[in-house]
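Commentary on secondary and tertiary structure
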Amino acid sequence: MSSENTVVLHKGLDNVYVAESSICYIDGENSKLFYRGYSVEDLAQRSTFEEVAFLLIYGWLPKREEFEGFVRTLRESYTPPQEVLAWLKTLPSQAHPMDVLRTAISMLSLYDRQGVDGGLEANRLRGLRVIGVTPTIIASFARIRRGVNPVEPKMDLPIASNFLYMLRGTEPDAFDASVMDKAMILHAEHEMNASTFSCIVTASTLSDMYSAITAGVATLKGPLHGGANEAALKYIQSVGSPEKAAEAVDRTLAAKQRIMGFGHRVYKNYDPRYMILKPLAKQLGERKGTLNLYLTAEAVERAAVERLSQHKLFPNVDFYSGLVFNALGIETDLFTPVFAMSRNAGWVAHVLEYLADNRLVRPKAYYTGKLNSPYVEMDRRGDKVEG
Ligand code: ACO
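In this report, the structure presented in the accompanying data block is examined. (Residues numbered from 1 in each chain as written. Predicted model: local features only at pLDDT ≥ 70, side-chain atom pairs only at ≥ 80, totals over all residues. Heavy atoms only, no water.)

1. Looking at the site of the ligand
Worth spelling out the cut-off: For this purpose, a residue is taken to be near a molecule or strand whenever a single non-hydrogen atom of the residue falls within 4 Å of it. Here a polar contact is recorded for every N or O atom pair within 3.5 Å, except that within protein the pair must consist of a potential hydrogen donor and a potential acceptor, and residues adjacent in sequence are included only if both atoms are side-chain atoms. Note on areas: Shrake-Rupley with a 1.4 Å probe; residue coverage comes only from the protein chains shown. Following the grouping adopted for this structure description, the nonpolar residues are Ala, Val, Leu, Ile, Met, Phe, Trp, Tyr, Cys and Pro, the charged ones are Asp, Glu, Lys and Arg, and the polar ones are all others, Gly among them.
Neighbouring residues of the ligand: 18 residues in total, closest Arg-258, Ile-259, Gly-261, Phe-262 and Arg-265. Residue Arg-258 places a side-chain N or O atom 2.8 Å away from an oxygen atom belonging to the ligand. In the model, a nitrogen atom of the ligand is placed 2.9 Å from a nitrogen or oxygen of the Phe-262 main chain. Across the complex, the protein chains shield 66% of the 900 Å² of accessible surface that the ligand would expose by itself. A per-class count over the shell around the ligand returns 10 nonpolar, 5 polar and 3 charged.

Structural data, given as structure tokens:
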């Protein structure tokens with residue numbers, strides 16, 4: 001307990017621990033990231049998004065039978081309720097897909113077969129349903145706004161390939177499918193960040209999984225969090241060529257603007273996800289004929305590191321993820337929804353873990369306003385009436 005005189009304000013909740021968790025560990029000084037104890041490098045190299053989702057949610061790597069049952073449950077949810085699909089067709093084509101996704105996930109609760117059951121198992125099933133259906137919602141809206149029909153999901157495809165298939169209308173080759181899967185693994189979880197905390201705050205009121213993930217999507221949307229990938233790609237595109245990078249970075253910093261895709265609240269060194277995504281961005285650039293964009297990104301990165309590393313600002317996951325998604329043919333404003341469809345796994349895991357030992361989140365604000373202000377009738381209120 002602290003008296004009013006010893007109040008310590010934690011603006012932005014920097015370094016405040018709000019829960020115990022065994023889901024994710026970040027060593028920000030040494031560029032290490034672990035999901036349930038497994039290094040993200042190992043998982044990106046050897047696992048699949050579905051297996052990682054299982055690992056995050058249940059806490060162990062699945063045996064074959066467990067895995068098959070889990071995948072079956074996810075695939076049973078690939079197809080959205082007809083009402084959600086019909087609604088997607090009514091939307092303005094200029095709607096931001098992140099707004100669409102946020103509203104669609106909220107809408108899913110209207111068609112929930114678990115009814116009002118607030119138990120852990122019912123919420124787990126809701127979570128798996130959201131993980132399974134989100135790619136279809138994003139790809140369907142992307143096609144509808146292009147004026148073409150949505151493509152139905154293929155029940156025998158994993159989530160990453162299926163997403164690219166539904167977006168493009170043709171199945172991706174093995175390379176694209178594997179890069180998409182790795183990118184989803186890298187975005188699946190990241191400890192107690194802003195969006196995960198939003199999920200937990202909402203879940204802690206014993207609301208439900210849809211509300212929690214809706215809150216997570218809403219929070220992920222901002223450019224300081226999930227929206228940075230979109231902003232980073234636009235910046236790199238605006239620079240235009242490697243030769244212009246140093247001057248552009250100088251101009252940006254002189255204008256006191258931030259280099260998007262740089263800096264992190266936890267990583268004070270290179271983000272390990274960046275280190276995996278960068279070579280993938282290069283390989284995609286070579287295969288898709290977009291190497292100039294990659295080389296421009298590299299030049300921006302070099303210039304920014306030269307100027308910012310002394311302040312412990314290094315590229316984060318978002319610096320190259322935009323390039324990867326762009327080379328995979330994903331429209332720029334879909335990047336954050338794609339981030340969300342991967343992060344669903346982490347959000348579900350955290351909500352379930354928190355609910356198992358729930359405590360209502362209820363922080364305090366340090367009051368700096370007035371007290372005992374005399375109420376003045378409306379007609380007698382002058383401009384200068386002081387309360
Ligand atoms: N470019 C230039 N300067 C930066 C950057 C950047 N990308 N990031 C931080 N700084 C500077 C700030 O201007 C500030 O300088 P000052 O002390 O002279 O005022 C100092 O570094 C500290 O900045 P804070 O905002 O206090 O640092 P914080 O740890 O809160 O910020 C954040 C982390 C929000 C990610 C920040 O680095 C940023 O805005 N980066 C750009 C956006 C981005 O890439 N976000 C994605 C993060 S990863 C993710 O969410 C998936």
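2. A closer look at the packing of helix 10 (residues 209-220) against helix 16 (residues 335-355)
Rules: Axes here refer to lines fitted to C-alpha atoms; in helices the fit is confined to the stretch in contact. Angles between the N-to-C directions go from 0 to 180 degrees. Strands are runs of DSSP state E lasting at least 2 residues, helices are runs of H or I lasting at least 4, and numbering of each runs from the N terminus. Roughly parallel means an angle under 35 degrees; roughly antiparallel, over 145; roughly perpendicular, 65 to 115; everything else is oblique. Should the near helix be turned anticlockwise from the far one by less than a right angle, the crossing is termed left-handed; should it be turned clockwise, right-handed. Contacts are assigned to residue pairs with any non-hydrogen atoms lying within 4.5 Å of each other.
Between helix 10 and helix 16, the shortest axis-to-axis distance is 10 Å and the interhelical angle comes to 135°. Viewed along their axes, helix 10 and helix 16 adopt a mutual orientation that is oblique. Crossing hand, helix 10 versus helix 16: right-handed. Residue-level inspection shows Met-209, Ala-212, Ile-213, Gly-216, Val-217 and Leu-220 of helix 10 in contact with helix 16, the latter providing Thr-336, Phe-339, Ala-340, Asn-344, Trp-347, Val-348, Val-351 and Leu-352.

3. What to know about the packing of aromatic side chains
Selection criterion: Whether two aromatic rings pair depends on their centres lying within 6.5 Å, for rings of Phe, Tyr and Trp, where Trp uses its six-membered ring; planes under 30 degrees apart make the pair stacked, over 60 edge-to-face, and the rest tilted. To sort residues, take the accessible area from a 1.4 Å probe on protein chains only and compare it with the maximum for the residue type: under 20% means buried, over 50% means exposed, and anything in between is partly exposed. Charge over a ring is defined by NZ of Lys or CZ of Arg lying within 6 Å of the ring centre and within 35 degrees of the ring normal.
All chains considered together, the criterion is met by 13 aromatic pairs. Where Tyr-294 meets Tyr-320, the ring centres are 5.8 Å apart and the plane angle is 35°; that geometry is what we call tilted. Taken together, the positions of Tyr-294 in helix 14 (residues 291-308) and Tyr-320 in helix 15 (residues 317-327) put the pair 26 residues apart, joining distant regions of the chain. For the pair Tyr-294 and Tyr-320, one class covers both residues: buried. Taken together through their ring pairs, the aromatic side chains of Phe-262, Tyr-270, Tyr-274, Tyr-294, Phe-314, Phe-319 and Tyr-320 make up a single cluster. Positioned above the aromatic ring of Tyr-165 is the side chain of Lys-154, whose terminal nitrogen or guanidinium carbon lies 4.8 Å from the ring centre. The ring of Phe-175 is capped by Arg-287, whose NZ or CZ atom sits 4.0 Å from the centre of that ring.

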